[in-house]
Amino acid sequence: MISRAPLAWSAAGLLAAVALPWYALQEGLDSGAWLSGLWSSEDYASGLAQIVEHGRWWLAPALLALAASLAVALLPASRQRRGTLLLIASTAGLLLFAAQALGIGLRGWTAGWLAAVFGELDGRQVGLGAGGAVVLVALLSLLSIGLALRGAFGGDAFVAGAVTTVAASIVLFTAWPILRILVQAFQDGDGVLAPALLVERLATEKIWSLRCLSGGGRCGVAWNTLFLALGCGAGTTALGLAFALVVTRTSFGFKKTLRVLTVLPIVTPPFVIGLALILVFGRSGLVNQFLEWSMGIEPTRWIYGFHGVFLAQLFAFTPVAFLVLIGVVEGVSPTLEEASQTLRADRWSTFTTVSLPLMRPGLANAFLVGFIESIADFGNPIVLGGDYGVLSTEIYFAVVGAQLDYGRAASLALLLLVFALGAFFLQRRIVGTGSYATISGKGDSGLPTPLPDAARRAAACVALPWAAFTLMLYGFAFVGGLVKVWGRDYTPTLDHYAKAFAVERTADGLIWTGAAWNSFWTTLKLAAIAAPLTAALGLIAAWLLVRQRFAGRATLEFATMLSFAVPGTVIGVAYVFAFNVPPIEITGTAMIIVLCFIFRNMPVGVRAGMAAMSQIDRSLDEASLTLRGRAPQTLFYVVLPLLRPAIVGALVYGFVRAVTTVSAVVFLVTAEYELATTYIILRVINGDYGLAIAYSCALIVLMLAVILLIQFAVGERRLGRRAVALKGGRA
């Protein structure tokens, strides 16, 4: 019996090796210039032509592996035997594919011992192109099919393919770049391995000093980072929970407005919050001026240091916690709460012994995300840190400062990974192995239990003043773009908006003459491409981690958080190191920026999906399987409709972070692909604050519109529960 899936993938790989250029094209595949040189030109030749016509024999093993897989698909064999043969062929093909890709570069062999064994090469190779990429995908697909035929992943080819796709993408675009930069922690300036250098670089007083505890000086940057991250994780989780409770469990009349305010900081370019805080609390800010005028208190610089960074991080990362927690709070089953009250538990006991424990996965995930966001944050510490140093700023100065010490930067990044690993295992220990499912196939028409009065008042007292404070800060930021020069000339003007977004009508049509249009359209296009890919990859990874059982699951879960645990500056430098040379040469292209967006922002989709999915009872999956629904049908028609809050959160976060990120892409942008945030930063450096704030406000309006569009397109999760009007928090 012919196996159709292996046949299709083998044929697709062989067709690509014959009909597509093997190596990357400078002018792009869509130019069509390669068609005439598909056999004769070294630059345009297909894989088969490279082997036969141009003597690149090292490409042959991958094509032979595809041919062997094709033969396996056509020959009659048992399922088990076919899986074994496919595994052997695809694994051998992948290993030899990777060996030739890493072993040969722009200057021939990449290691001296290879030249000694095989002799000098006349040929060279650049980065992979369309033909090589399709062959790689075909080999990976054949590997997953072979695993499924052998009985791995329950024999489900879809699950096997999903695991292979997620794992391979994380290895290529997260683990590999980070490994390339971190290996320098063990090398000296000449690239020679010297493991003792790691200890020497990390065992310094500047990193580990505890003098601040005795009042004799400053703490080391490692302790500063840890203290700040713990406070940020706890604070953002508490604030996110307060907002989620007010929005879902009280009669507050402006819930939609509150939802918008909670996400405002996340849709803001990173320097705006810091600038607004300086305008309010800085030495010449409104608060200090008022205190000096009313009480004669000398202005201080208290906003610079731990207080300012902590406050800015709370503003910046509370929306992330809210996005993680909102679906979890909504998912708590009213039936379980009603059962508690039936057993004569009061509302406070029900809230503390039923509702909160069922929210534990969401709370733990929100804390983890807040903790890792804090240790990886660069923008807020660089603006407000003052003499309060943290690891992310130390890494930045090691890379771009006079030191230019990549080894020290890599060592500090490795320390950040250790902190992230500790938080990851703490989160797993807190959540444990218990069941938190509250959404099952049974009817759940219970009424949501009103919050206890104490909890309702506490949530309102935390969330509403914070929302008012947020509104005030953004008011200052908005006004800053409507005056000539903030602090000197408050004459109202629209000149900053006209300079950024001017449009002229000519005989040939509209001309976008504003200085910001190029970066605006580039940012919008790349973010629109990255956001759905970010959400899709994150939610599929979450489904695999929560719903499937396979070897290496815990490793895969931690790997999904790797890019989050490393500062954006390090990620940017790592991408340059990894993708500036073969086998994947994409530096200077739009692709490298999109990939950075996807894998930098994917962890939030993973954590939100895991938190929401832990509340969905496995009986729904089992019911689908009983009705002969396969894994794809179960995922798309049963699980995903119940994950709409997580989908919205992943899409929103993926889009707005792509628009607002700075540190991760500052080394990746080019004149052709300039982004909005890098343009804004350049305006700030040049002192053009009015234009920078005007552009930021325009981005905020754009992203709020996109958020509303995403919520409308995805829709709300319908759980078949009765609604009740809550008055004053009572049923």
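Residues numbered from 1 in each chain as written. Predicted model: local features only at pLDDT ≥ 70, side-chain atom pairs only at ≥ 80, totals over all residues. Heavy atoms only, no water.

Side note on the overall build of the protein
Point 1. The helix and strand tally for the protein stands at 32 helices and 6 strands.
Point 2. For the protein, the C-alpha radius of gyration of 28 Å lies close to 27 Å, the compact-globule estimate for 731 residues.
Point 3. The buried share of the protein, reckoned over its 731 residues, is 54%.
Point 4. Summarising the internal contacts of the protein: among those between residues at least 6 apart in sequence, 74% fall at separations of at least 24.
Point 5. When the accessible surface of the protein is summed, it comes to about 32100 Å², and 65% of that surface belongs to carbon and sulfur atoms.
Point 6. Each charge class in the protein was averaged separately, 50 positive and 38 negative side chains, and the resulting centres sit 12 Å apart. (Helix = DSSP H or I, 4+ residues; strand = E, 2+ residues; numbered from the N terminus. Rg over C-alpha atoms; globule rule 2.2 N^0.38 Å. Buried < 20%, exposed > 50% of the residue type's maximum accessible area, 1.4 Å probe, protein only. Contact = heavy atoms within 4.5 Å. Areas by Shrake-Rupley, 256 points an atom, 1.4 Å probe, with all protein chains shown as cover. Lys, Arg positive; Asp, Glu negative; His and termini not counted. Charge placed at Lys NZ, Arg CZ, Asp CG, Glu CD.)

Overview of a nonpolar patch on the surface
Point 1. A cluster of nonpolar side chains, namely Val18, Trp39, Leu48 and Val52, defines an oily patch on the protein surface of about 360 Å² accessible area.
Point 2. Its location among the elements puts valine 18 in helix α1 (residues 4-19).
Point 3. For valine 18, a relative accessible area of 46% corresponds to the partly exposed category. (Patch = residues over 30% accessible without salt bridge, like charges linked within 9 Å, V, L, I, M, F, W, Y side chains within 5 Å. Salt bridge = Lys/Arg side-chain N within 4 Å of Asp/Glu carboxyl O.)

Side note on the packing of aromatic side chains
Point 1. By the definition in use, this model includes 29 aromatic pairs.
Point 2. Their ring planes at 20 degrees and their centres at 4.4 Å tell us that phenylalanine 315 and tryptophan 466 sit as a pair that is stacked. Separated by 151 residues along the polypeptide, phenylalanine 315 in helix α14 (residues 306-331) and tryptophan 466 in helix α21 (residues 453-480) bring together distant segments of the chain.
Point 3. Here phenylalanine 315 and phenylalanine 469 contribute two aromatic rings whose centre-to-centre distance is 5.2 Å and whose plane-to-plane angle is 65 degrees, an arrangement assigned as edge-to-face. (Phe/Tyr/Trp six-rings, centres within 6.5 Å; stacked < 30°, edge-to-face > 60°.)

Notes on the pairing of strand β5 (residues 503-506)
Point 1. Pairing of β5 with strand β6 (residues 509-512) involves 4 bridges; the strand directions are antiparallel. Its bridge partner lying in β6, threonine 506 is registered against glycine 509.
Point 2. Between β5 and β6, which pair antiparallel one after the other, the connecting turn spans 2 residues. (Pairing = 2+ DSSP bridges.)

Things to note about the nonpolar core
Point 1. Counting 182 residues, the largest nonpolar core has Leu277, Tyr575, Ile593, Leu643, Tyr695 and Leu699 as its most contacted members.
Point 2. Among the elements that make up this core, the one with the highest residue count is helix α27 (residues 590-613) (17 residues).
Point 3. Grouped together as the second largest cluster of nonpolar side chains are 27 residues, Trp22, Tyr23, Leu94 and Phe97 included. (Core = buried A, V, L, I, M, F, W, Y, C linked by side-chain atoms within 4.5 Å.)

Focus on unusual backbone geometry
Point 1. Note the cis peptide between proline 582 and proline 583, where omega equals 10 degrees.
Point 2. Positionally, proline 583 belongs in the loop between α26 (568-579) and α27.

Side note on the pattern of salt bridges
Point 1. Tallying each qualifying case throughout the model produces 6 salt bridges.
Point 2. Between glutamate 42 and arginine 56 there is a salt bridge, with the nearest N and O atoms lying 3.8 Å from each other. Taken together, the positions of glutamate 42 in the loop between α1 and α2 (47-52) and arginine 56 in the loop between α2 and α3 (60-74) put the pair 14 residues apart, joining distant regions of the chain.
Point 3. On the basis of relative accessibility, which here comes to 46%, the residue glutamate 42 falls in the partly exposed class.
Point 4. For arginine 56, a relative accessible area of 7% corresponds to the buried category.
Point 5. Residue glutamate 394 is joined to arginine 408 by a salt bridge in which the shortest nitrogen-to-oxygen separation is 3.2 Å. In this pair, glutamate 394 is assigned in helix α19 (residues 391-400) and arginine 408 in helix α20 (residues 406-431), connecting sequence segments 14 residues apart. Take glutamate 394 and arginine 408: they sit in the same class, and that class is buried.
Point 6. Salt bridges sharing partners connect three or more residues here, namely Lys206, Glu394 and Arg408.

What to know about α3
Point 1. Between its first and last C-alpha atoms α3 spans 21 Å; for 15 residues at 1.5 Å apiece the expected length is 21 Å, and the two agree.
Point 2. Residues Ala62, Leu63, Ala65, Leu66, Ser69, Val72 and Ala73 constitute the buried set of α3.
Point 3. In this fold, the buried residues of α3 make contact with α1, α2, α4 (79-103) and α6 (130-149). (Expected span 1.5 Å × (residues − 1).)

Points about the confidence of the model for the protein
Point 1. Averaged over all residues, the pLDDT of the protein equals 83, while 92% of them reach at least 70.
Point 2. Under a pLDDT of 50 for its full length, residues 435-441 has, in the predicted model, 34 contacts with residues more than four places off or in other chains.
Point 3. Between residues 727-731, whose pLDDT stays under 50, and residues either more than four places distant or in other chains, the model counts 14 contacts. (pLDDT = per-residue confidence, 0-100.)

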